[in-house]
Amino acid sequence: MNDIDRRLRKLISNHANIALSMEEISIHSSLTDDFGYDSIKMIELIIDTELEFNIQIDDEDLDFDIVKRYEAFLDLVLSKTSDETIGNMS
Amino acid sequence: MNRLSRRLQKMIQVGYWPGFIIGMYPSHFAYKPIEVDFRRTWQHVKELNLYAHIPFCKWSCSFCTFFKVVKDDEEYYRRYMQRLNEEFIFYNTFFEEKVNIKSICFGGGTPNTVSVSDYEKFFDTLVKSNVSLDKDLEPSMEISPEIITKEYISDLSKIGIKRLSLGVQSLKGELRKGVNRDETLDILGVIQSIRDNGLNVNIDLINGIIGQDNDSFMETLKEVVAFGPETISIYPLSGKKSSMFKTSSAIMTTKEKYQLYELYYDYLIHNGYDCESHVKFIKKNQNSTHQQKIYEYLGTETLGIGSGSRSYSNLIHYGTSSWEDAKLVKKAIEDYMTKDFRELSWYGFEMNEEENKRRTIVYAWFLGVLDTAAYYQRYHSSPYEDFPEEFEALIHNDLVYTEGDKMHLTTKGRKYTDLAGTIFWSKGIHEMFETVHYA
């Protein structure tokens, strides 16, 4: 588990409607089906993810897959943090 | 930027829509079992909106979540209307002064399942009661255009109904079939009969029906505009299939519904209509509209009668339908038909000054303008001081502008009226919403 993965799991467990430990989140976990996320919770999670990683998540990024598989959401955040790093270096 | 402002910004960015539960505040999901002190609630009232609920339908439409039962029994309808009369007489005993009725609306269900003679008897009951009928009264009835006849429309006009609201939803046969409506509706014939009898017309449309896209919606809208109704009401389809995520090519996302709003707003503004609220467009140079909603937004209390209706007084909101036990509609109607009104199971929400303040503001956005001087006169405080974070969020997101004592929604604010309203919900209402919200 890398640093971004760990921090993202912490955010997800903080916002979940159920008591949830970071270890219970697998790459196949569904935020909606497994952890009770609805649209409002997703918006709060997205806001805190943006603040935590200093990134911008746009509506084009909101593929249904990111709530159906944690791995997809993690990949999105990884790609955004990578883009930010490249942006800072250019 | 405060957290609320950021949340509102994100909601706008992703096209989040909470559903049309903003239509009333607090919404039905907040209702719990409650005791109603009828005398205390109604003894001092001087003016009222009157709403009567007719819960019967000949069939069920797939999108409908209203309180109704599928029943085809004219004798039962007649007995129900008799109870409606008795219920009004019951409330009449609490009025200490003559009450001016500012609006009358028959909703459902399908009000045109009931005979016109039963409505005539109901009006007789009103005339004999301790009420007066406002000079600008425009008695209004929701109707299902599939089952109405020319004779029925003519008879309604003779007993004093002045406005009919037609549940059309779409004029596309395949879309109507998809929501269990008659594909072959002769809407032009119905409207002609209404016009022949000098009545005003509202047409209800839905956007976001499964299989509908921008083109098919706009084609319906253009046909409707050609009929020239006094008002056009457009409701986005809500419920479990309404999502900010694209779950199916046949289902609009909430963001796509917002984009469609821009299309039809622009079309209607340039084709003879003004925007009265984000869901209602009113034909220019005339005054016919859904009076009851306007008066509610301005603060007139509403007495709801009939099984499934709701009353909105300054002290308490209540009705006989339970949010949790929606399946108990038949039992609720049976109880209404047989029990003393005091012994019915009532569900509701007790209002206080803070919730009334919030309601005033939420409803102001439906009218597109908050009169801060009128708010101060009523509550002896400034809305900006009462809710500073909320107003900061609206201003930061360009949803409002001020002119003197009035704060108006911008065009962007009109589009996001439901969001502008929900940020004024109390913490308790938000928490209740989270337990019932769809994903």
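Please read these numbers as outputs of a predicted model, since none were measured by experiment. (Residues numbered from 1 in each chain as written. Chains lettered and ligands numbered in written order. Predicted model: local features only at pLDDT ≥ 70, side-chain atom pairs only at ≥ 80, totals over all residues. Heavy atoms only, no water.)

Novice: Can you break down the interface of chain A and chain B residue by residue, with the values?
Specialist: Tallying the contact residues gives 22 residues for chain A and 18 residues for chain B. Along the contact surface separating chain A from chain B lie 6 salt bridges. The partner of Arg3 of chain B in a salt bridge is Asp48 of chain A, and the shortest N-O contact between them spans 2.6 Å. Where chain A packs against chain B, one counts 8 residue pairs in polar contact (both at pLDDT 80 or more). Listing elements by their share of the side of chain A that touches chain B, those giving two or more residues are helix 3 (39-53) and helix 4 (65-68) of chain A. (Contact = heavy atoms within 4.5 Å. Salt bridge = Lys/Arg side-chain N within 4 Å of Asp/Glu carboxyl O. Polar contact = N/O pair within 3.5 Å; in protein donor to acceptor, adjacent residues only side chain to side chain. Helix = DSSP H or I, 4+ residues; strand = E, 2+ residues; numbered from the N terminus.)

Novice: Could you give an account of the nonpolar core, with specific residues and numbers?
Specialist: Counting residues in hydrophobic clusters, the biggest one holds 85 residues, and the most contacted among them are Tyr91 and Leu221 of chain B. Ranked by size, the runner-up nonpolar core spans 73 residues in total, among them Tyr31, Trp365, Tyr379 and Ala393 of chain B. (Core = buried A, V, L, I, M, F, W, Y, C linked by side-chain atoms within 4.5 Å. Buried < 20%, exposed > 50% of the residue type's maximum accessible area, 1.4 Å probe, protein only.)

Novice: Residues and numbers for the side chain of Ser313 of chain B, please.
Specialist: You can see Ser313 of chain B is positioned in the loop between strand 14 (310-312) and strand 15 (316-319). Ignoring anything within four residues of it in the chain, the contact list for Ser313 of chain B reads Thr41, Trp42, Glu301 and Met351 of chain B.

Novice: How would you sum up unusual backbone geometry? Please name residues and give values.
Specialist: Residue and element names in this part refer to chain B. Here the residue pair Tyr25 and Pro26 is connected by a cis peptide bond, since its omega of -5 degrees sits within 30 degrees of zero. When you line up the elements, Pro26 lands in the loop between helix 1 (3-14) and strand 1 (32-33). The omega torsion across Gly108 and Gly109 is 20 degrees, close enough to zero to call that bond cis. Looking at where Gly109 falls in the secondary structure, it is placed in the loop between strand 5 (99-108) and helix 4 (116-127).

Novice: Can you break down the packing of helix 12 (residues 353-367) of chain B against helix 13 (residues 372-379) of chain B residue by residue, with the values?
Specialist: All names here are of chain B. Here helix 12 crosses helix 13 at 165 degrees, and the two axes come no closer than 12 Å. In terms of orientation, helix 12 lies roughly antiparallel with respect to helix 13. Of the two possible hands of crossing, helix 12 and helix 13 adopt the one that is right-handed. Two secondary-structure elements touch here, helix 12 through Glu353, Asn356, Lys357, Thr360 and Ile361 and helix 13 through Tyr375, Arg378 and Tyr379. Residues that form the contact of helix 12 with helix 13 fall into these classes: 3 nonpolar, 2 polar and 3 charged. (Axes fitted to C-alpha atoms, helices over the stretch in contact; angles between N-to-C directions. Parallel < 35°, antiparallel > 145°, perpendicular 65-115°, else oblique. Left-handed = near helix turned anticlockwise from the far one by under 90°. Nonpolar A, V, L, I, M, F, W, Y, C, P; charged D, E, K, R; others polar.)

These figures capture arrangement, not role.
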